[in-house]
Amino acid sequence: MKVRVGEIYIVQTFAAVEVHMKILSIDDEARGMYTGTLVRAEDVEALRKASIPYKKGESPETCVGFVYDSQIKGRVTNQTRRGNVVRRSKR
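Residues numbered from 1 in each chain as written. Predicted model: local features only at pLDDT ≥ 70, side-chain atom pairs only at ≥ 80, totals over all residues. Heavy atoms only, no water.

Draft legend 1. Quick peek at the nonpolar core. Counting residues in each nonpolar core, the largest one holds 14 residues, and the members touching the most others are Val19, Leu38 and Val67. Elements with a contribution of two residues or more to this core: β1 (8–12), β2 (18–28), β3 (33–38) and α1 (41–49). Setting aside its immediate chain neighbours within four residues, Val67 contacts Val11, Met21, Ile23, Gly32, Met33, Tyr34, Gly36 and Ile72. (Core = buried A, V, L, I, M, F, W, Y, C linked by side-chain atoms within 4.5 Å. Buried < 20%, exposed > 50% of the residue type's maximum accessible area, 1.4 Å probe, protein only. Helix = DSSP H or I, 4+ residues; strand = E, 2+ residues; numbered from the N terminus. Contact = heavy atoms within 4.5 Å.)

Draft legend 2. Here's a closer look at the pairing of β2. Two strands pair when backbone bridges link them, and β1 and β2 are joined in this way by five bridges, in the antiparallel orientation. Residue pairing across strands places Ile10 opposite His20, the latter belonging to β2. What sits between the antiparallel neighbours β1 and β2 is a turn of five residues, in which Ala16 has the positive phi angle 65 degrees. Here β2 pairs with β3 via six bridges, running antiparallel. Looking across to β3, one finds that Ser25 is bridged to Thr35. In textbook terms, the turn of a hairpin is the stretch between consecutive antiparallel strands, and for β2 and β3 this stretch comprises four residues, one of which, Gly32, has a positive phi near 75 degrees. (Pairing = 2+ DSSP bridges.)

Here it is as structure tokens:
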């Protein structure tokens, strides 16, 4: 999978918690090493429950860590589209 800076990915952490991380930089593309930050506040709480030493109510943007290729499960797609599906009739 081609990892891009600025994209959000589902990452399986070493604490066995799936989180959403935004890739900030590519450290070594040949070895599959990236720097990322958490995106959602509920991910910080899930990591706290898995005994990771984060403070309660900590901002997810301050939680920066390393991401490896083997941890990336997939890319998060934009799911904010709303509206009705309009189907054209066959004439």
